[in-house]
Structure formats: C-alpha cells, structure tokens
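Chain by chain, the residues:
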Amino acid sequence: MNYGKRIFLWIVLFWIGSAQVFAEPFVQGGPIGSQTSDGYDALGPVVEQPIEFPHNTHAGRMQINCMYCHTYARRSNVSGIPRLDKCMGCHNLIEGVKDRPRIKKLFEYWENKQPIPWKKVHDLPDFVRFNHERHIQRFYFQEKRPVREVCGYCHGDIASMTTARRVKALSMGWCVSCHQKDHLEKAGSTVTSHGPNDCWLCHK
Amino acid sequence: MTMSNLDRRDFLKVLGISGAAATLAGCGHTSIESGVEEVMSYVHPQDFVVPGIGVFYASTCAQCGSGCGIMGKVREGRVLKLEGNPESGISGGKICGLGQAGVQAHYNPDRLRTPMYKGEGGLTPVSWETAHQILEQRLGPNSPLKGEEIAFLTGGVSGHQRVLLENFLETFDSTHHVTYDALSTATGRAASKAILGAEQPLWNIHKARLILSFGNDFLGSGVSPVYMARQYALFRKAPRGTLIQIEPRMTLTGGNADRWYPIKPGTEGILALGIAHDLLQHEEFSRGVPQEILDLVKNYDRDAVSDITGIGSDAVRLIAAQLWNNTPSLVIAGPSVEGHSYGFSNAAAVQLLNVILGNRGQTMEGQAEHPFPQLTPTLGSYHALADLNQKMAAGKTQALLVYGTNPVFTAPSHLPFAESLSNVPFKVAFVTHMDETAGHCDLVLPLLSALEDFGTHVAEYQPDGVEVMLQQPLMEKLYPESKGYGDILLEILKKRKPEAYAAFPDYYSYLKTAMVKAKPVFKVSDSDDHFWEDALRNGLVKWDGKPTSLEARLPALTMPKPAELTTDYPFYFVPSIRPDMRDGRHAYLPWLQESPETMTTVVWDSWVEIHPKTAEAMQIKEGDILQIQSATGSVRAKAYLFPGIQPDTVSMPLGQGHTQLGRFATGVGVNPYKILDPIFDDHTGELAMHATRVALRKTGEHQVVVKDEGPTTFQNGQKLVATLSADQAKLSKEI
C-alpha cells in the first residue's frame, strides 16, 4: 500500500469515527424558563409524586439497571411504571429500611392493594407515538452502550435525581435533530445510519 | 369585520384559525406535559400483561343472533377492537361491520347508568337498593302473581340466559315467555318445516354449483352472514358457482349476483312454479312428484308466469335450464317471499324446487340435534307479540318484563302496544340504553354491556356440529351502577327459591357450575377447572354433532294470484332490511349511521327508493321530499333514484325514526314500520311486511341526499361502464 492510499484510508476511518454520535446524555436542555429553538421549555417543572422515589439510591448508588424495574421498555412502546409487587419483591426482604417513611408508605399501598397514583413526567402529546422498544433494542442491545447513557438521551441523568424531572425538550425539532445524526448500526461496526424521517412513523 | 368587507382571503384565514382551534380543543393534550396526568402501576398483574401490548380474550358477539366467536383486544384494561375467533366454526376468525361496532355499543355515551323508576315526574334515577326493594315487593317471594299474569317479553334469547329466564317464570308456575322478532322469519321457517321437515336446514353453499335466491340476503342480513360470506367465497372459487337473485329491491346479495331479476313483489311463488313447470317436463325431475303438484304447475307455463311476474319468458327458460345444467343447486327464499298474506304458499313453492331438483342431502341437510335443547335460541314471531298485546289490553297481564326487544318502536301502528302497556301495573325493562319501550316502563334497569357480562349463547344456525359459545367480560364495567342480566334475575330467584339458588353468589358461578355439569356430554377428561378455563380461553365448547337428513313432503299447494295495484295505492311497498341497522336496535351506533348503506351509500337518514324511469314519469328528482301514504299511515322521506328496484315498487330502509334511543338515533329519519298495513300470513298469522301498497305525493320540498357515491351513479350520460339489461342478453349463448 503506498503512502497516499494509507493517508486516504486514515482520513476515511477518521471520518467514519467522527460520524457517530458523541452523545451528551446528561446535559440539561437549558436553564429553567429557557426555551429550545422550536419554542419548547427546555426544563420541565418539578413534579410532586405520592412517594418521593429516590432514583439516586436505586440507579445511582445501588447501580441497578433501569430496566430491572422499567422492564417493559425493551418489549413495548411504553417503558411502564414498575408493578407494585416488583417493589415488594425486594423491600419485603430489606429489613433495614422498613421503618423509613417512604417505605412505610409503599407498604401501605401494598397492603391496601392500591396502585400508586404516580404523576406522568415525560408525557408526549396524544398525537405522538414514541416507541421505547425500538430505541432500547438499537442502542442498548445492538450498539451495547451503557444503559444510563441510552435512557439518558431522552430522560437525562435520572440516576442523580430523586423523583424524575424532565430535562430535555422532547419537542419534535429535538427528536428530529437526533434522527438526523449518524449512528453506528452495531457495536464494533463501521456502518452507520440515521433515524427514520417519516411523519407517519410517530404520527399515526 | 362585517360580512361585506370579509374577502375570500380573510374568510379562509378565519376558517383556518377557528378550524385549528376546534381541532386543538377536540383532541387530547397537544403539548408536552409534566405532572398533569396520572399513570397507575399494576399492583399484582399476571405475567403476560405488558403495558402497551394488547392481549386477546375470547368472547361471543352479541350484536345479532348469529353467535360469532370474537376476540377482544384488551390493552391497559380497556377493550380496543374486536376480531373474529378462529376457533369458532361460525365466524372462523372473521367478523362483520355490525360486530365491529360492538365496541361502540360498549363505550356509547348514552348508556343508561343508574336504575330509573317512574314517579310522578316520569322516570327518575333511583339507587339499586330502591330498585331491589321494588323488585322484591312486586316479584319477591310474597308476590301473588301466577301463570299468565306475569310475562317475560324478549328478543331471541339462548344459552343459560334462556334457562334462567324460564326457571324464573317457573317459580310463578308460568311458561309465559314471549319472543318477539320484528324481522321474524317464522313464515319461511314454517314453510321449510312443511316441505323439508326442518325449520332452518343447513345450506352447503360451497357445494352448490348454482344458487337461486328469492330475496334472501344471505350475505347481508340473513341468518348467519359471516358464515355465509365465508361459504360464498368457497362457492365462488373454481369451478365458479353461479348466483341468480330474484327480488323486488336489490339487496347486498343481489348486488353480488351474476344475474339479478326485479320481480313484482309477491309473485315469487308463481315464478318458482313456472320454473318447476319447465323442469317437470322432464322425467328426470317429475319422477315421484305427486299428481296434485303436477296439476298445479300445469297452469304456470312460461308466458303466463311472465305476465304475472314481469320477468321475461326467456329468462324463465334460462333459469330452468341453468338449474338443469348445474347440479347440485340450492334454492332459498327470503323475507320478500314470505311477507305476503299467502307468504307460506309462496315460500313453500320455492322450497318445492329443492325437492324437485334433488338438493336434499347434497346442498341441504338438517342441523345436528342439540344435546341441550333447553339452550337453543327461542325464535321470535309477530303473532306472539299480538297475542301478548291482546292479553295486556284485556288487563290479564299484571307484570311484564322486557329484555332485548323494543316493540313500541317496531310494532306497526295497528298494534297499539304502547297503549296496552298502560294496562299493565308493573313493567320492568332490562336495557343498556333507554329506548322507546323502556320509556313506557315503570322500572328500568341498567345492564352491563355485552363486553362486560358473562353468558352463553347458542346460534340458530349451527354449521359445524354444535357449539356452545361463551361470553366473558373483556374489561371491568364502565359504570359501577350497571348490572348483569343474569345477576339481576339470579338475585330475585335466590329470594323466591333459596334452596336451589342460594349457593350461587353470582351469575358467573351459576354459569360455571352449569357448564361443568355438562362436561360429560362434551367428552372432556380434564378436571373441572381445566375444562372451564379451556372453555373461556377458546370462547366455546364444541360437540361433534353430525348433520341429520331432511324429509321431502310435497303437500298440495294453492297459489293465489296477487291482487293488482289500484289507482289509490299504485306502488308496492318494500321495507328493506339494512345489514347494519336490522330492526333499528343499532341505530344508536354512529359508526353504523356513518357507514354508507350498501346499495345506495346514503348516511344518517331515511330515504325512499324509486326507479329512475318511474321518477322521470312522475317528474321526481333525487332529494324531492315525498309523502309515502299507505292505508294505515304516512311518512315523509327524500327520494333516491335507484335502478335496482322493480319499477312499480318503492322501498324504504327499516331502522331509523327513533324517538328515544340516545343522541345518535333520536330524530334521524322516519320509521316505516308505522305505515305497514294490517295484512297477515294466512297460515302463520305473521305480519305480511311486503304486502303494503302505497301512494307517493310530492310535497314540493327538496333537500340534498347525503351520500358517499359521487355524481356518476348514472354515468353522466356517458358509457363509462357498459351495461346490458338481462332481457337483451343473448341468453341462448350462455347455456
């Protein structure tokens, strides 16, 4: 291989490498009250929940995979609020925290067989159909990126929050901006593609 | 801005803004929200439940009596859509438009949500506690009612709903269960019984090479349209079967036919005898035919038949020749044959062809005998209602319970059912929606929808052995104050006969016990619980019955010549049955109102169909409001020019003209039941629905007919699609 060809190959490789997303999953959309270029609030309001669920303990300190609890994210278009017996599966056995007020509240719901009335934090308009399964399968299972990063693209660094707060615009322009970027098709592959651009895919 | 200086551009701007505002207000939320809506988690769901992904549960469609097995798609605890259940021999995994609308019957905003009791100010909501008190006081253990003093008036009812109903009446020493069907086929069934020994034989449509249908809309509003449509698809596969339809007004089946002949209403039997006349010339067919029949058909040679029926003698010859050449064939009769004072003879003459052609055992068989005859459907008739009406008018009925029928709407005006109701001291209606009959009752009880209740059903037409269809809730009840029909009856029964019924906490446990008891008949070796769970999962239990053989009787027939039209009433009147509206019970479903009627594409309305040539002669244009006057009454409707009708006939669709059936039905169209003349079948006493004659009067008013079809119905005077009338076709070439 002559020198010129080798230089050319290096340039091509660099170009392919730079084409993949250097995602910034934990960067907040902007300060409170600021708007994205297409007019949406960059940061959502603080939402009060029936139980102040500490994501930071579970996903942060304990390093539990998001999908251990949000188990439907890889199978369905919604990630699903974890079923109550899932919480109890662990907390029945964790004696040390049973006297904490939040856990007491959890047991109260369980004993009354009442679902917890959580408030929706990431609630897209009714005419938008977002599919969790597609995104998780692509980025987590195919590209093998870390789960905290993959979920973080849209949800921010939940592992550093207690109850979730919206930190991304989730507007159409924001969705499209990511769909226009090139993404690797598989971990270790050099083939890239970007997200689909059909109206019908989300608006159906 | 006033209208004068509102130019087109401004107008469009305003339209755009208000349109957008309306859209935004009409939809759900339209921007990204946080902390507004709640999202409930499951507490302890079954493992297969995944939010966002539907689960299918089997049940049975209750929109008509065909008993199609259905699968309901349920997601997050809500039923979203119905599909056919592939396990069901009747539906075979398919479902019709009427069945699809079952979801809308369930979510309908006009559903009755609380019991109502008639006080001084009319019907007012009461609690279930009060309703039960009233029921106990009138029908409880201390009730003095006996025998015919109590009557249970229903539409067709089958399965354990029927068993429970009859057990309920039994506690009053009564068998007074009255089944009324506004579209009764009792005359046709009686004729079939007289000739073939079976009221409803099985039609092996797929085995027939030729079907000759006299006004039977088996693809649209017949006995089991989903099953028939599936059979019809097989019939049309190579070698392709031929369908000939003869009727005064084109039905959906007529629209699918290879040949369609408009016949003068009431002359179908004569045409059948004319065809028989041609066939019986040949020894192959005349062998074994009694002399009375041979004598009878002698009078009906082609020319005589052609004169009476309005169908060319060439066509009569063609039909006979087609029957000769294509065996096995199948000849069936429908409502337009039965609905005359001599409807029985008319239908019998049509059935006669089957015997002459030797179709028994080929394309016609008897249904398998049902192992549980007490579960088979009760089939309604008009004369049952007329008898009840007489008893009510004479003050013999002290308590009346009404379920699944609406006679105040469907009874003709010469049967004053609403007036007779006022003679009955205690009337209870079991309804999901307030209808005209419930409006006249003292106590109206809100039922669960068909997608919320348990039940078993047995179809009138059992094509594939015998199936007991199970109906199970596809979701929790929408309205806490609604109750199941079985549960209400059971609650009264528990008080009247505690020794037999106290063990059942609800209708579900009654059903389960009854079905499990029947297990040995179904030859299942599973445990009781497995048997029941399998039944629920499959939506049905099958019993492998074999078709029975039919008899052939050829009784002497008399065929009167239909009376000529008079100058007072110069038109035959044909009330047409819409595959979706049926007798009008479905008019509250906007999907069905919105879906174009199959032949005319008209929506949300009543109309009168008139032949274009007749209209031209009378100078009637589409949309002209006509008064349709019979000897009994009159209605007003828009004219619709329809080439698929016999020129001396006008036709109106049944089902519209409600005064009380929710916001989508009330005030839409007119009710043609009310102008039917009091003419009855001589043999069965059924109302002759096709025997009314009418006069048309122009009112001078005009309105647009709202319809889906474009302006090219009549091809704008151009030959876009070449057509040829049946009489002009070179028939000899086809034989």
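Residues numbered from 1 in each chain as written. Chains lettered and ligands numbered in written order. Predicted model: local features only at pLDDT ≥ 70, side-chain atom pairs only at ≥ 80, totals over all residues. Heavy atoms only, no water.

Caption draft 1: The arrangement of the UniProt feature "domain: Class III cytochrome C" (unreviewed entry) in chain A in detail. Mapped onto this structure's residue numbering, the UniProt feature "domain: Class III cytochrome C" (unreviewed entry) falls at residues 47-105 of chain A. End C-alpha to end C-alpha, residues 47-105 of chain A measures 18 Å, and it is 41% helix and 0% strand. (UniProt positions renumbered as here; feature names shortened; annotations may be inferred. Helix = DSSP H or I, 4+ residues; strand = E, 2+ residues; numbered from the N terminus.)

Caption draft 2: Fine view of unusual backbone geometry. All names here are of chain B. The residue after Ala-238, namely Pro-239, is reached through a cis peptide bond having omega -5°. With respect to the helices and strands, the residue Pro-239 is situated in the loop between helix H7 (225-236) and strand E11 (242-247). The phi angle at Arg-582 is positive, at roughly 50°, despite the residue not being glycine. You can call Arg-582 buried: its relative accessible area is 11%. (Buried < 20%, exposed > 50% of the residue type's maximum accessible area, 1.4 Å probe, protein only.)

Caption draft 3: Up close: the sheet that holds strand E24 (residues 634-641) of chain B. Residue and element names in this part refer to chain B. With mixed pairing, the six strands of this closed barrel are ordered in space as E21-E25-E22-E24-E23-E26. Across the sheet, the axes of successive neighbouring strands diverge by a mean angle of 45°, strand direction being ignored. Alignment of strand E21 (residues 571-576) against strand E26 (residues 693-702), held across two bridges, turns out to be antiparallel. Its bridge partner being in E26, Tyr-572 is matched across the sheet by Arg-693. (Pairing = 2+ DSSP bridges. Axes fitted to C-alpha atoms, helices over the stretch in contact; angles between N-to-C directions.)

Caption draft 4: Spotlight on helix H16 (residues 382-393) of chain B. Residue and element names in this part refer to chain B. Between the first and last C-alpha of H16 there are 16 Å, a value that for twelve residues agrees with the 16 Å anticipated at 1.5 Å per step. Those residues of H16 that are buried are in contact with strand E7 (150-154), strand E8 (177-179), strand E15 (399-403), helix H17 (407-410) and helix H18 (417-421). Where H16 begins, the side chain of Ser-381 points an oxygen toward the backbone nitrogen of Ala-384, at a separation of 3.4 Å. (Expected span 1.5 Å × (residues − 1). Contact = heavy atoms within 4.5 Å. Polar contact = N/O pair within 3.5 Å; in protein donor to acceptor, adjacent residues only side chain to side chain.)

Caption draft 5: Molecular detail of the side chain of Asn-131 of chain A. All names here are of chain A. Inspection of the secondary structure puts Asn-131 in the loop between strand E1 (117-119) and helix H6 (132-142). Judged by relative accessible area, which is 18%, Asn-131 ranks as buried. Of note is the side chain of Asn-131, whose polar atom sits 3.3 Å from the backbone nitrogen of Arg-134. In this structure Asn-131 touches Ser-76 and Asn-77, once residues within four positions along its chain are discounted.

Caption draft 6: Looking closely at the pattern of salt bridges. The final tally for this structure, using the stated rule, is 40 salt bridges over all chains. For Asp-173 of chain B, the salt bridge is made with Lys-146 of chain B, and the minimal N-O distance between the two is 3.2 Å. Here Asp-173 of chain B, found in the loop between helix H5 (159-170) and E8, pairs with Lys-146 of chain B, found in the loop between helix H4 (128-139) and E7; they are 27 residues apart in sequence, far enough to count as distant. Residues participating in the shared-partner salt-bridge network are Arg-138, Glu-143, Arg-145 and Glu-149 of chain A. (Salt bridge = Lys/Arg side-chain N within 4 Å of Asp/Glu carboxyl O.)

Caption draft 7: Just the interface of chain B and chain A, in detail. With 25 residues of chain B at the interface, the matching set in chain A holds 33 residues. For the chain B and chain A pair, buried surface summed over both sides reaches about 2500 Å², with 59% attributable to carbon and sulfur atoms. Among the residues of chain B in contact with chain A, Ile-32, Val-39 and Val-43 of chain B are the three that bury the most area, contributing 28% of the side total. Between chain B and chain A we count three salt bridges in total. The partner of Lys-119 of chain A in a salt bridge is Glu-38 of chain B, and the shortest N-O contact between them spans 3.8 Å. At the boundary of chain B with chain A, the tally comes to ten residue pairs in polar contact (both at pLDDT 80 or more). (Buried area = accessible area lost by both parts, 1.4 Å probe.)

Caption draft 8: Summary view of the nonpolar core. All names here are of chain B. Among the nonpolar cores identified, the biggest contains 84 residues, and Leu-212, Phe-214, Phe-218, Ile-246, Ile-275 and Leu-353 are the most heavily contacted of them. Residue contributions to this core peak at ten residues, all from helix H15 (residues 343-357). Of the residues that make up this core, three or more belong to each of domain 1 (60-107 + 465-478 + 518-553) and domain 3 (186-365). Apart from the residues lying within four places of it in its own chain, the contact partners of Leu-353 are Leu-212, Phe-214, Ala-272, Ile-275, Ala-276, Leu-279 and Val-331. (Core = buried A, V, L, I, M, F, W, Y, C linked by side-chain atoms within 4.5 Å. Domains from an automatic or database assignment.)

Caption draft 9: Structural detail: empty space enclosed by the protein. Residue and element names in this part refer to chain B. Scanning all chains against the criterion turns up four cavities of 30 Å³ or more. By volume, the second largest cavity amounts to about 220 Å³. Lining the second largest cavity are 21 residues, with Ala-182, Leu-183, Ser-184, Leu-687 and Met-689 sitting closest to its centre. Every element with two or more residues in the lining of the second largest cavity is listed here: helix H6 (186-196) and helix H14 (335-338). For the lining of the second largest cavity, the per-class residue count stands at eleven nonpolar, six polar and four charged. (1 Å grid on protein atoms, 1.4 Å probe; cavity = no way out; pocket = protein on both sides within 12 Å on 5 of 7 lines; lining within 4 Å. Points joined across faces, edges and corners; volume = space filled by probe spheres on them. Nonpolar A, V, L, I, M, F, W, Y, C, P; charged D, E, K, R; others polar.)

Caption draft 10: Main features of the domain arrangement of chain B. Residue and element names in this part refer to chain B. Here the domain parsing of chain B yields domain 1 (60-107 + 465-478 + 518-553), domain 2 (116-181 + 380-447 + 482-511), domain 3 (186-365) and domain 4 (571-717). Averaged C-alpha coordinates put domain 3 and domain 4 at centres separated by 26 Å. Counting residues at the interface gives 27 residues for domain 3 and 30 residues for domain 4. Both faces considered, domain 3 and domain 4 share a buried interface measuring about 2000 Å² in area, 64% of it formed by carbon and sulfur atoms. The largest share of the area that domain 3 buries against domain 4 comes from Arg-249, Pro-265 and Ser-341, three residues that together contribute 30% of it. Taken together, the links from domain 3 to domain 4 amount to two salt bridges.

Caption draft 11: Structural view of the packing of helix H9 (residues 268-279) of chain B against helix H13 (residues 313-325) of chain B. Residues and elements named next belong to chain B. Viewed as axis vectors pointing N to C, H9 and H13 meet at an angle of 60°, and their least axial separation amounts to 9 Å. The angle between H9 and H13 places the two elements in the oblique class. Between H9 and H13 lies a crossing whose hand is right-handed. Of the residues in H13, those in contact with Leu-271, Gly-274, Ile-275, Asp-278 and Leu-279 of H9 are Val-316, Arg-317, Ile-319, Ala-320, Leu-323 and Trp-324. Class assignment for the residues of the contact of H9 with H13 results in eight nonpolar, one polar and two charged. (Parallel < 35°, antiparallel > 145°, perpendicular 65-115°, else oblique. Left-handed = near helix turned anticlockwise from the far one by under 90°.)

Caption draft 12: Examining the confidence of the model for chain B more closely. Residue and element names in this part refer to chain B. The pLDDT averaged across chain B works out to 92; a share of 94% of its residues lies at or above 70. Per-element mean pLDDT across chain B ranges from 48 in helix H1 (residues 8-26) up to 98 in strand E17 (residues 443-446). Here residues 14-26 scores under 50 on pLDDT; set against residues more than four positions off or in separate chains, the count is one contact. Scored as a complex, the prediction yields pTM 0.87 and ipTM 0.80. (pLDDT = per-residue confidence, 0-100.)

Caption draft 13: Structural context of the state of the cysteines. Residues and elements named next belong to chain A. The full count for this structure, using the stated rule, is zero disulfides over all chains. With no disulfide of its own, Cys-66 lies closest to Cys-151 among cysteine sulfurs, the gap being 4.0 Å. The exposure class assigned to Cys-66 is partly exposed, which follows from its relative accessible area of 23%. (Disulfide = S-S within 2.5 Å.)

Caption draft 14: Summary view of the confidence of the model for chain A. Residue and element names in this part refer to chain A. Looking at chain A, pLDDT values average 85 and 81% of them are 70 or higher. Across chain A, the secondary-structure element scoring lowest on mean pLDDT is helix H1 (residues 3-19), at 57, and the one scoring highest is helix H5 (residues 101-111), at 95. Within the model, the stretch residues 16-23 combines pLDDT values under 50 with ten contacts to residues more than four positions away or in other chains.

Caption draft 15: A look at the packing of H9 of chain B against H15 of chain B. All names here are of chain B. Taken N-terminus to C-terminus, the directions of H9 and H15 make an angle of 25°; their axes are 7 Å apart at the nearest point. By the angle between their axes, H9 is roughly parallel relative to H15. As H9 runs across H15, the sense of the crossing is left-handed. Facing Glu-268, Gly-269, Ile-270, Ala-272, Leu-273, Ile-275, Ala-276 and Leu-279 of H9, the residues of H15 in contact are Asn-346, Ala-349, Val-350, Leu-352, Leu-353, Ile-356 and Leu-357.

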